[in-house]
Amino acid sequence: MTGPKTLAEKIWEAHVVDSPLADAARREALGDEAAGGVPTDLLYIDLHLVHEVTSPQAFEGLRLAGNSVRRPDLTLATIDHNVPTIGRDLPNPDPLSAQQIDVMRRNAEEFGIPLYDVFDMRQGIVHVIGPEQGLTQPGMTIVCGDSHTSTHGAFGALAFGIGTSEVEHVLATQTMRQVRPRTMSVEVTGELGPGVMAKDVILAIINEIGVDGGVGHVIEYRGEVIRNLSLEGRMTVCNMSIEGGARAGLVAPDETTFAYMQGRRHVPQGEDWDRALEYWRSLPTDQGATFDKEVVLDGANIPPFVTWGTNPGQSVTVNDAIPHPDSFDEPTKREAAARALEYQALEAGTPIRDIPIDRVFLGSCTNGRIEDLRSAASVIQGKRVADGVNAMVVPGSGLVKMQAEQEGLDQVFLDAGFEWRDAGCSMCLGMNPDILAPGERCASTSNRNFEGRQGPGGRTHLVSPAMAAAAAIAGHFVDVREVI
Amino acid sequence: MDAVTNVTGRAVPMDRSNVDTDQIIPAKYLKRIERTGYGPFAFEAWRKDPDFVLNNASYDGAVIMLAKHNFGSGSSREHAVWAIEGLGVRALIAPSFADIFRNNCFQGGILTVELPEEDVDELMRRATDDPTTEIEIDLETQTVRAAEWERTFEIDPFRKYRLQRGLDDISMTIEYDADVAAFEAQRSPLFPSTGV
Ligand code: SF4
């Protein structure tokens, strides 16, 4: 394909190892049935991140087939999903988690894969540690057996979540078979108001396009608001691309990206840096390139958002009330809203501000980075968590935790009555002991409010870190713009 | 992977949209390191409701699941596919599927068929009115049939080819080893390595 191209198309095309349907001889070999249609390309993978939960069956598959890991040097493993966030020096209270962690260690050793183990400072959530170590760079293809791999798209990388069979495929071949995605542009124009964060931007986008609005597409986030976000803010936006159904989400690399990367451990240095820069600068979408789908939002109209339902598209602004199911035109949305309200034990018409909360979770690959902790800390400084509310901070990595401690943020949180934990996924998905009790209601900075996501019977409301912090102090949701 | 050519049998109607993978298989079961045995935990929370469709014995033995928009949304856990497989389901019919879930189905040899919403609704109606309704999915002709009712569906030809032959993805790609090596030879040395 010649002519102007999008960022995603450029990266894709630079990584095609083989496109069987584009080649007459191969088509012959595959039989005529496979001819025509959308190319299912064989794509080279530059970085494969592995964690304990979605990999054991993949390694077992390798062993059974007698395969090795083709490029251990392009693979990195960590332990994040079910590691406890307190008492790590004690025996793991859950024998199944302990076994899974142990299996990860043994697999990393057997197949020669670098592992950031539980007591390594660099340990943390896969999508936090890649960027932190400078392993995530523009123009790369990145995969991980985790749907929030799209986070890495913030650097202008093409990053996909994959299942366990595909994990095995990438381990064995360093490639992946994928149908070429369609492209979608989401442009956020104008300027955000004070107190409005990247999390509000992505919640507004998902509210607009719906939880399946991006299916089959790679979203490129564009426009002034995105350009003005910090790199960490862009990660928050790209992180939740999957919540809009998209296969990936990315942002064109620019000076913000390069400044964030410079000096990080795995980033090219010296002359290599200059050469890399040249390549990175060639990546942004060309003038005149077209997208299969385009959406535009006005950033000035985005207030803080709060989800009320059981999918990330079921949200309203903090000053709205819970919508009535009848207010939805489509029957499926009506039914979904009614079911969600029942599960969440909420009445239509209740102002969001009147919803009391029991728990606050500050963390996850969406909002567990240093800027997130800083913004929450600035809201709670000198205040106390409301009576009856249990609030917890789980930094995204050991290094985020260390940085926060150097800045004294841990003390701000502890003084306010928050718990200060070790790094991991924690209550984002409730695979470790950090879970909601049935019926408990949580203001959470994570990415999914599905039924039971944070523990069976638990009720989740997704918000930004500043909104979560403000809710912790008030004991119910408040408009953070009024308390900063 | 076993070859898939035809799936025929009863269909269980899952009359909800955006069914997410946390419902299909809750996170606590992802601690298992096996690939099988997830069927008993599938839809665990919803199964506590006696009226939930999977508790209706008339659908026992169903090999097809009918679903609404965006089935399988959320996490990349392939355990969701293993759970559905564990229920005895061999094919899913819905207006749309979440991308990663559909990829995972394909890996496990579970056929995903996309039909327009009104067609899926018609099949739901039939399967609800009469749970013994037989539905046939023929991959060769890309047809879904229920008695006199018939529709065709689209499928990526490459995927169809491989499903029909039960070809294993990895051994197929390993045949492209020379291409991968050639790609690696010209790949920029500036891309990072995870070592040291
Ligand atoms: S923090 Fe949550 S969303 Fe992110 S990788 Fe962990 S479990 Fe997945």
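That block above? That's the structure.
Residues numbered from 1 in each chain as written. Chains lettered and ligands numbered in written order. Predicted model: local features only at pLDDT ≥ 70, side-chain atom pairs only at ≥ 80, totals over all residues. Heavy atoms only, no water.

Visitor: So what's going on with the overall build of chain A? Which residues, and what values?
Guide: If you tally the helices and strands in chain A, you get 17 helices and 19 strands. At 22 Å, chain A has a C-alpha radius of gyration in line with the 23 Å of a compact globule built from 484 residues. Each principal axis of the C-alpha atoms in chain A carries an extent, and together these give about 70 × 50 × 45 Å. Within chain A, counting contacts between residues at least 6 apart in sequence, those at least 24 apart form 76% of the total. In the form shown here, chain A has an accessible surface area of approximately 16,000 Å², with 49% of it arising from carbon and sulfur atoms. (Helix = DSSP H or I, 4+ residues; strand = E, 2+ residues; numbered from the N terminus. Rg over C-alpha atoms; globule rule 2.2 N^0.38 Å. Contact = heavy atoms within 4.5 Å. Areas by Shrake-Rupley, 256 points an atom, 1.4 Å probe, with all protein chains shown as cover.)

Visitor: Can you tell me about the overall build of chain B, naming the residues and giving the values?
Guide: Each helix and strand counted, chain B has eight helices and seven strands in total. Taking the principal axes of the C-alpha coordinates as reference, chain B spans close to 60 × 40 × 25 Å. Relative to its 196 residues, chain B shows a buried fraction of 62%. A fraction of 67% describes how many contacts in chain B between residues 6 or more apart in sequence connect residues 24 or more apart. Total accessible area on chain B stands at roughly 7,700 Å², and carbon and sulfur atoms take up 48% of it. Measuring between centres, the 21 positive side-chain charges of chain B sit 5 Å from its 34 negative side-chain charges. (Buried < 20%, exposed > 50% of the residue type's maximum accessible area, 1.4 Å probe, protein only. Lys, Arg positive; Asp, Glu negative; His and termini not counted. Charge placed at Lys NZ, Arg CZ, Asp CG, Glu CD.)

Visitor: Explain the site of the ligand residue by residue, including any values.
Guide: Close contacts around the ligand come from A:His81, A:Ile125, A:His127, A:Asp146, A:His148, A:Ser364, A:Cys365, A:Cys425, A:Cys428, A:Leu429, A:Asn447 and A:Arg453, and that covers them all. The residue inventory of the shell around the ligand, partitioned by class, reads five nonpolar, five polar and two charged. (Near = heavy atom within 4 Å. Nonpolar A, V, L, I, M, F, W, Y, C, P; charged D, E, K, R; others polar.)

Visitor: Report on the nonpolar core, specifying residues and quantitative values.
Guide: Formed by 86 residues in total, the largest nonpolar core has its most connected members in A:Phe413, A:Phe418, B:Met14, B:Phe43, B:Met65, B:Phe71 and B:Phe101. Ranked by residues supplied to this core, first place goes to helix α17 (residues 465-474) of chain A with seven residues. When sequence neighbours within four positions are dropped, the list of residues in contact with B:Met14 reads B:Val19, B:Phe43, B:Trp46, B:Phe52, B:Val53, B:Leu54, B:Met65, B:Leu66, B:Ala67, B:Lys68, B:Phe71 and B:Met124. If you look at the next biggest cluster of nonpolar residues, it comprises 76 residues, including A:Leu43, A:Phe111, A:Leu231 and A:Trp273. (Core = buried A, V, L, I, M, F, W, Y, C linked by side-chain atoms within 4.5 Å.)

Visitor: Describe the packing of helix α3 (residues 79-86) of chain B against helix α4 (residues 99-107) of chain B, and please don't skip the residues or the numbers.
Guide: When two helices pack together, their arrangement is given by the angle between the helix axes and the distance between those axes. Residue and element names in this part refer to chain B. For the pair α3 and α4, interaxial distance at closest approach is 9 Å and the crossing angle is 55°. Taken together, the axis directions place α3 and α4 in an arrangement best described as oblique. When the axes of α3 and α4 are compared, the crossing they make is right-handed. Across from Ala80, Val81 and Ile84 in α3, the residues of α4 making contact are Phe101, Asn104 and Cys105. For the contact of α3 with α4, the class distribution of residues is five nonpolar, one polar and no charged. (Axes fitted to C-alpha atoms, helices over the stretch in contact; angles between N-to-C directions. Parallel < 35°, antiparallel > 145°, perpendicular 65-115°, else oblique. Left-handed = near helix turned anticlockwise from the far one by under 90°.)

Visitor: Just give me the short version of unusual backbone geometry, but keep the residues and values in it.
Guide: Residues and elements named next belong to chain A. Within the chain, alanine 345 stands out as a residue other than glycine whose phi angle is a positive 55°. By the element assignment, alanine 345 lies in the loop between α12 (331-344) and β15 (359-363). The exposure class of alanine 345 is partly exposed, given its relative accessible area of 45%. With a phi angle near 55°, serine 426 is a residue other than glycine that sits in the positive phi range. By the element assignment, serine 426 lies in the loop between β17 (419-420) and β18 (441-444). In this structure serine 426 comes out as buried when scored by relative accessible area, which is 0%.

Visitor: Account for the interface of chain A and chain B, with residues named and values stated.
Guide: Contacts between the two partners involve 88 residues from chain A and, on the opposite side, 61 residues from chain B. Carbon and sulfur atoms make up 56% of the surface buried where chain A meets chain B, a total of about 6,100 Å² over both sides. Across the contact surface, chain A and chain B share six salt bridges. Put simply, A:Asp94 and B:Lys31 hold a salt bridge, and the shortest N to O gap is 2.6 Å. Across the contact surface, chain A and chain B share 30 residue pairs in polar contact (both at pLDDT 80 or more). Here the side of chain A that touches chain B takes seven residues from helix α6 (residues 164-173) of chain A, the largest share from any one element. Tallied by class, the residues present in the side of chain A that touches chain B amount to 36 nonpolar, 30 polar and 22 charged. (Buried area = accessible area lost by both parts, 1.4 Å probe. Salt bridge = Lys/Arg side-chain N within 4 Å of Asp/Glu carboxyl O. Polar contact = N/O pair within 3.5 Å; in protein donor to acceptor, adjacent residues only side chain to side chain.)

Visitor: Break down the packing of aromatic side chains for me, with residues and values.
Guide: Per the counting criterion, the structure on display carries 16 aromatic pairs over all chains. Here the aromatic rings of A:Tyr44 and B:Phe183 are separated by 5.0 Å at their centres, their planes lie at 25°, and the arrangement is stacked. One end of the pair, A:Tyr44, is in strand β2 (residues 40-44); the other, B:Phe183, is in helix α8 (residues 177-186), on a second chain. Residue class for A:Tyr44 comes out buried when judged on its relative accessible area of 0%. A relative accessible area of 9% means that B:Phe183 is categorised as buried. Between the aromatic rings of A:Trp273 and A:Trp280, the centroid separation amounts to 5.4 Å while the plane-to-plane angle is 80°, which identifies the pairing as edge-to-face. Judged on exposure class, the residue A:Trp273 and its partner A:Trp280 are both buried. Pairwise contacts between aromatic rings join A:Phe258, A:Trp273 and A:Trp280 into one cluster. (Phe/Tyr/Trp six-rings, centres within 6.5 Å; stacked < 30°, edge-to-face > 60°.)

Visitor: Tell me about the pairing of strand β4 (residues 75-78) of chain A, and name the residues and values.
Guide: Residue and element names in this part refer to chain A. Of the two faces of β4, both are covered, the one formed by Thr75 and Ala77 as well as the one formed by Leu76 and Thr78. Summarising the sheet, strand β3 (residues 47-51) and β4 pair through four bridges and their orientation is parallel. Bridging across to β4, leucine 49 finds its partner in leucine 76. Handedness of the β-α-β unit built from β3, helix α3 (residues 56-65) and β4 comes out right-handed. Alignment of β4 against strand β5 (residues 115-116), held across two bridges, turns out to be parallel. Bridge pairing links alanine 77 to leucine 115 in β5. Taken together, β4, helix α4 (residues 95-111) and β5 form a β-α-β motif whose crossover is right-handed. (Pairing = 2+ DSSP bridges. Right-handed = clockwise from strand over helix to strand, strands pointing away.)

Visitor: Tell me about the side chain of A:Arg177, residues and numbers included.
Guide: All names here are of chain A. Along the polypeptide, arginine 177 turns up in strand β8 (residues 175-179). For the buried arginine 177, no salt bridge is present, and the opposite-charge side chain at shortest range is aspartate 18, 4.3 Å distant. From its side chain, arginine 177 meets the backbone oxygen of threonine 40 in a polar contact 3.3 Å long.

Visitor: Which residues make up the side chain of B:Gln107, and what values go with them?
Guide: Within the secondary structure, B:Gln107 sits in helix α4. Note on B:Gln107: relative accessible area 16%, which makes it buried. Non-local contacts of B:Gln107, meaning those with residues more than four positions away in its chain, are made with A:Ser165, A:Glu166, B:Met1, B:Glu78 and B:Asp169.

Visitor: Now, about the sheet that holds strand β12 (residues 293-298) of chain A: what can you tell me, with residues and values included?
Guide: Residues and elements named next belong to chain A. The strand order β11-β10-β9-β12 describes an open sheet built from four strands, whose pairing is parallel. Each edge of the sheet is formed by a strand with only one pairing partner; in this case those strands are β11 (248-250) and β12. Averaged over all neighbouring strand pairs, the angle between strand axes comes to 20°, with direction disregarded. Examined bridge by bridge, strand β10 (residues 217-222) and β11 share three bridges and lie parallel to one another. Opposite valine 218, over in β11, you have alanine 248 as the bridge partner. Contacts from helix α1 (residues 7-14) reach β9 (182-189), β10 and β11 within the one sheet, and its direction differs from that of β11 by about 115°.

Limitation: the analysis is restricted to geometry and does not speak to function.
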